[in-house]
Amino acid sequence: MARIALDAMGGDFAPHAPVAGALHALKELGPEHTIQLVGRTEVVRAQLDELMAGDLAHLRGVSDRLEVVEAPEVIGMTDKPSAGLRGKPDSSMIVGIRMHAEGRSDAFVSAGNTGAQMAASTLLLRLHAGLTRPAIATLFPTAREPIVVLDSGANVDCSSQELVQFARLGSVYAEYMLGREHPVVGLLSIGEEAGKGNIAVKEANQLLRNGAAGINFQGNVEGRDLPLGESGRGSFDVVVCDGFVGNVLLKFYEGIAPMVVGMIGEHTGLDRAQLDSAIKRLDYSEYGGAPLLGVRGVSIISHGSSSARAIKNAVHVAVRAVESRLSDHVGQRLASAMPTTTPGIVPAAGPQAAGGAA
């Protein structure tokens, strides 16, 4: 059973997208799962009533597995994370994460302010021992199977040790969420040679090559390798980079699908719906949300422009993370590696990231 706290006020299309997404998710999930819609009660209930009387009347039967939790404040998309934490303690985001931290829910999902969610998750849920920062793990489509890229926006600048930590986090995600045995890790750089890259990347390559416990390291991979899901040395499952590079890469990927559809449609005259279906794997809404790995719990970050479909898929990600005990496995893997790979590192007491990217 999973109780998912969902930020009903977060995102560009709130409350419609979160509320509709919750109803669609409950229709697909087993009856043991429930969703807690966190937000302004009057607004959320009005949206529910509107949907129940209109397009989603056929989903009325799942509404008894919805709970509305009052949260009178909203952290805006342009609010600074620190200001949101200090000035809006009763916001839908803070209330939802606090519910998870206190054991009243099993996971939290939001399409709201990414920086605020990262900071609040780090502060309220705290980090696993052995980490200095969390990382956003995003699935990227490839010609093979999706790969997990991290960090995709939580930390603008990273040390070599933190890149090694991300490699470990990504390996756990690929193993327990994607079902990959002995997942292969690549380090994103400007060349496959170990000596290519900035200082942090070159040092991380050396640390990973010198036998970081629990990491099946392939070596450096280049940007052109990601769409293929493989380099000249074989396929990989995880790609590690700092959040600046990862977020630029993510947004580049997001722009590819509409460009490809437009170009092919213009030159071939093929039906737009057929083209959309053919490149569906390039659509971020297919994957729904990305977990903030490293916090002691499940905090799923969704795109600010998430549709109801994207929110529905983000809820599915949250349920899989709960059922697979992803956070527990992260803690166990880090604990087993600490004696040899992270000497002297202690759990962080509060937000450590350089900044969140939306």
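Our subject in this report is the structure included herewith. (Residues numbered from 1 in each chain as written. Predicted model: local features only at pLDDT ≥ 70, side-chain atom pairs only at ≥ 80, totals over all residues. Heavy atoms only, no water.)

1. With respect to the pattern of salt bridges
All told, the structure shown has eleven salt bridges when counted by the stated rule. The partner of E102 in a salt bridge is R104, with the nearest N and O atoms 2.8 Å apart. With its nearest N and O atoms 3.3 Å apart, the salt bridge here joins D328 to R325. Through salt bridges with shared partners, one network takes in E145, R180 and D237. (Salt bridge = Lys/Arg side-chain N within 4 Å of Asp/Glu carboxyl O.)

2. Thoughts on the sheet that holds strand β1 (residues 3-7)
With respect to topology, seven strands assemble into an open sheet ordered β3-β2-β1-β4-β14-β13-β5, the strand pairing being mixed. Pairing within the sheet leaves two strands with one partner each, and these edge strands are β3 (66-70) and β5 (135-136). When strand β4 (residues 107-110) meets strand β14 (residues 299-302), the two strands line up parallel, connected through three bridges. Note on β14: the bridge partner recorded for S110 is I301. Each of β1, β2 (34-39) and β3 is contacted by helix α1 (residues 16-28), which is oriented at about 175 degrees to β2, the strand it contacts most. Sheet strands touched by helix α4 (residues 92-101): β1, β2, β3 and β4. Its angle to β4, the strand with the most contacts, is close to 160 degrees. (Pairing = 2+ DSSP bridges. Helix = DSSP H or I, 4+ residues; strand = E, 2+ residues; numbered from the N terminus. Contact = heavy atoms within 4.5 Å. Axes fitted to C-alpha atoms, helices over the stretch in contact; angles between N-to-C directions.)

3. Quick notes on the side chain of Q117
Take Q117: it is sitting in helix α5 (residues 114-125). What makes Q117 buried here is its relative accessible area of 0%. Contacts of Q117, omitting those with residues within four sequence positions, involve M93, I97, F108, S110, S299, I300 and I301. (Buried < 20%, exposed > 50% of the residue type's maximum accessible area, 1.4 Å probe, protein only.)

4. Re the sheet that holds strand β12 (residues 238-240)
Sheet architecture is open: five strands sit in the order β6-β7-β12-β8-β9, paired in mixed fashion. Each end of this open sheet is capped by a strand with a single partner; those strands are β6 (138-140) and β9 (216-221). Between one strand axis and the next, the sheet turns through 30 degrees on average, direction left out of account. Judged from the three bridges that link them, β6 and strand β7 (residues 147-150) form a sheet pairing that is antiparallel. Residue pairing across strands places F140 opposite I147, the latter belonging to β7. Across the sheet, helix α7 (residues 199-209) is in contact with β8 (184-188) and β9; its angle to β9 comes to roughly 155 degrees.

5. Section: empty space enclosed by the protein
One pass over the structure, following the stated rule, counts three cavities of 30 Å³ or more. Space inside the second largest cavity adds up to approximately 80 Å³. What lines the second largest cavity is a set of 13 residues, among which L292, L293, G297, L326 and S327 lie closest to the centre. Only β13 (289-293), β14 and α11 (326-341) provide two or more residues apiece to the lining of the second largest cavity. Of the residues contributing to the lining of the second largest cavity, the split by class is nine nonpolar, four polar and no charged. (1 Å grid on protein atoms, 1.4 Å probe; cavity = no way out; pocket = protein on both sides within 12 Å on 5 of 7 lines; lining within 4 Å. Points joined across faces, edges and corners; volume = space filled by probe spheres on them. Nonpolar A, V, L, I, M, F, W, Y, C, P; charged D, E, K, R; others polar.)

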